[in-house]
Amino acid sequence: MKKTAISRRLLLASTLGLTLAGMIWPSSALAEDFKMGLLVPGSVSEEGWNRIAYNALKGVEGQLGAKISYVELQQNPASFEKAFRDYASQGYKVILGHGFEFQDAALEVALDYPDTYFLISSSSIHEGNVIGLNTDTSQPFYLMGVIAAKMGKKAGLVGGMEIPPIQQAFSGFKNGARSINPDFQISEAYIGNFTDTTATKEAALSMIAQGADFVVPNASGATVGGYQAIAESGPDVRSFSIFSDFTPVAPNNILGLYVADYAQGVMEIVRSIRDGNPPTTNVVFGLKDPKVISFTFRDDGPVSVPEDIRAEVTAISAKIAAGEIKTDSP
């Protein structure tokens, strides 16, 4: 009883302080009550897909003061459902299943926990308290395609595996380029994995040997091999840095940078849920969300995008953000 009394006095004091500061939250959303769980299909210790979700979780902890937890799982649907139920039964307000494969398990469990929000990465679903989150990479890649068609003769795209997120990005690039020049040549290859740096490099070198003067690698951990090939081929081969800053690898070749901060997007959605304003549709992050997706021109290299092309690309970007240009249509 004595311990409870002390806790209540501390809670009253902290509430008074927040009121004076004009920052009070509803009592149901106090930091000590707000919990978020994460389910990942692998390890968060390695850079890549699972690490992105972990960074989002840590951001929710740091910025929103939430209590957090995560579990690393193998590709086993039964374990997905159990993990969702474990977190929901413990009062977790938000649970992020990091991948489309978690969708069915979330739909099953959500029926029993209507007050818990189940977020699913790489999903377009919105059914009750199950909400899909997507990042439309076709939008910044569309801008890259426009620049390539304006400044280059031929482009090459090197992917890791032929999966929807990479196909979507490459579709955007091709649509952007062909909006400028329908006959612009684009070659496309997949190495079949996300780890073989040498294979990415060899694929990029092959494209360059066949006349590609714009090459964009998109192969997760193996991406750096593509930039190595670009750098070794001289300053006449151009590229764009994607997801991370690869300019140290190819300082004479990169014209612009596409940065995706999925973690920031997740934090904004979780913040809305905490504040009582959950999404009313599935969520698609794009150029309309500058905190999540940005495309910037580089000015410190030996070659840069000319001002007239920059102006055109900026105008196109605004139209994409406004929904006037569809970047991933066939």
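Look up a bit, the structure's there.
**Brief notes about the nonpolar core**
Here is step 1: Leu96, Leu119, Leu133, Phe141, Ile147, Phe173 and Val270 are the most contacted members of the largest nonpolar core, which totals 80 residues.
Here is step 2: Broken down by element, this core gets its largest block of residues, eight residues, from helix H5 (residues 138–151).
Here is step 3: Residue contacts for Phe141: discarding those within four places in its chain leaves Ala169, Phe170, Gly172, Phe173, Val216, Asn218, Ile242 and Tyr258.
Here is step 4: Formed by 18 residues, the second largest nonpolar core is a distinct cluster that contains Leu39, Phe80, Ala106 and Ile125.

**Concerning the environment of Ala219**
Here is step 1: Here Ala219 shows up in the loop between strand S9 (214–218) and helix H8 (223–232).
Here is step 2: Classification of Ala219 by relative accessible area gives buried; the value is 0%.
Here is step 3: Note: C-alpha distance between Ala219 and Gly192 (27 residues apart in sequence) is 9.2 Å.
Here is step 4: Apart from the residues within four sequence positions on either side, Ala219 is in contact with Val158, Gly159, Gly160, Ile191, Phe194 and Thr200.

**Here we look at helix H2 (residues 49–64)**
Here is step 1: Taking 1.5 Å as the rise per residue, H2 with 16 residues should run 22 Å; its terminal C-alpha atoms sit 23 Å apart, in good agreement.
Here is step 2: Of the residues making up H2, those classed as buried are Asn50, Ala53, Tyr54, Ala56, Leu57, Gly59, Val60 and Leu64.
Here is step 3: Among the structural elements, strand S1 (35–40), strand S2 (67–72), strand S3 (94–97) and helix H9 (262–274) are those in contact with the buried residues of H2.
Here is step 4: Remark: Gly65 follows H2 within two positions and exhibits a positive phi of approximately 70 degrees.

**Here we look at H5**
Here is step 1: Spanning 14 residues, H5 covers 20 Å between terminal C-alpha atoms, matching the ideal 20 Å at 1.5 Å per step.
Here is step 2: Counting buried positions along H5 gives 12 out of 14 residues, so the element sits mostly inside the fold.
Here is step 3: Buried within H5 we find Ser138, Gln139, Pro140, Phe141, Tyr142, Leu143, Met144, Gly145, Val146, Ile147, Ala148 and Ala149.
Here is step 4: Looking at the packing, one finds that the buried side of H5 touches helix H6 (164–180), S9, strand S10 (239–242), strand S11 (254–260), strand S13 (293–297) and helix H10 (307–321).

**Re the packing of aromatic side chains**
Here is step 1: With the rule as written, the count across this model stands at 14 aromatic pairs.
Here is step 2: A centroid spacing of 4.6 Å and a plane angle of 20 degrees characterise the contact between Tyr227 and Phe246, whose relative ring orientation is stacked. Linking Tyr227 in helix H8 with Phe246 in the loop between S10 and S11, this pair joins segments that are 19 residues apart in sequence. With respect to class, Tyr227 is no different from Phe246; both count as buried.

**Overview of the packing of H2 against H9**
Here is step 1: Running from N to C, H2 and H9 point in directions that differ by 45 degrees, and their axes come no closer than 8 Å. Considering their axes alone, H2 and H9 lie oblique with respect to each other. For the pair H2 and H9, the sense of crossing is right-handed. Along its contact with H2, which presents Ile52, Asn55, Ala56, Gly59, Val60, Gln63 and Leu64, the element H9 presents Tyr262, Ala263, Gln264, Val266, Met267, Val270, Arg271 and Arg274.
Here is step 2: When grouped by side-chain class, the residues that make up the contact of H2 with H9 number nine nonpolar, four polar and two charged.

The rules behind the values
- Residues numbered from 1 in each chain as written.
- Predicted model: local features only at pLDDT ≥ 70, side-chain atom pairs only at ≥ 80, totals over all residues.
- Heavy atoms only, no water.
- Core = buried A, V, L, I, M, F, W, Y, C linked by side-chain atoms within 4.5 Å.
- Buried < 20%, exposed > 50% of the residue type's maximum accessible area, 1.4 Å probe, protein only.
- Helix = DSSP H or I, 4+ residues; strand = E, 2+ residues; numbered from the N terminus.
- Contact = heavy atoms within 4.5 Å.
- Expected span 1.5 Å × (residues − 1).
- Phe/Tyr/Trp six-rings, centres within 6.5 Å; stacked < 30°, edge-to-face > 60°.
- Axes fitted to C-alpha atoms, helices over the stretch in contact; angles between N-to-C directions.
- Parallel < 35°, antiparallel > 145°, perpendicular 65-115°, else oblique.
- Left-handed = near helix turned anticlockwise from the far one by under 90°.
- Nonpolar A, V, L, I, M, F, W, Y, C, P; charged D, E, K, R; others polar.

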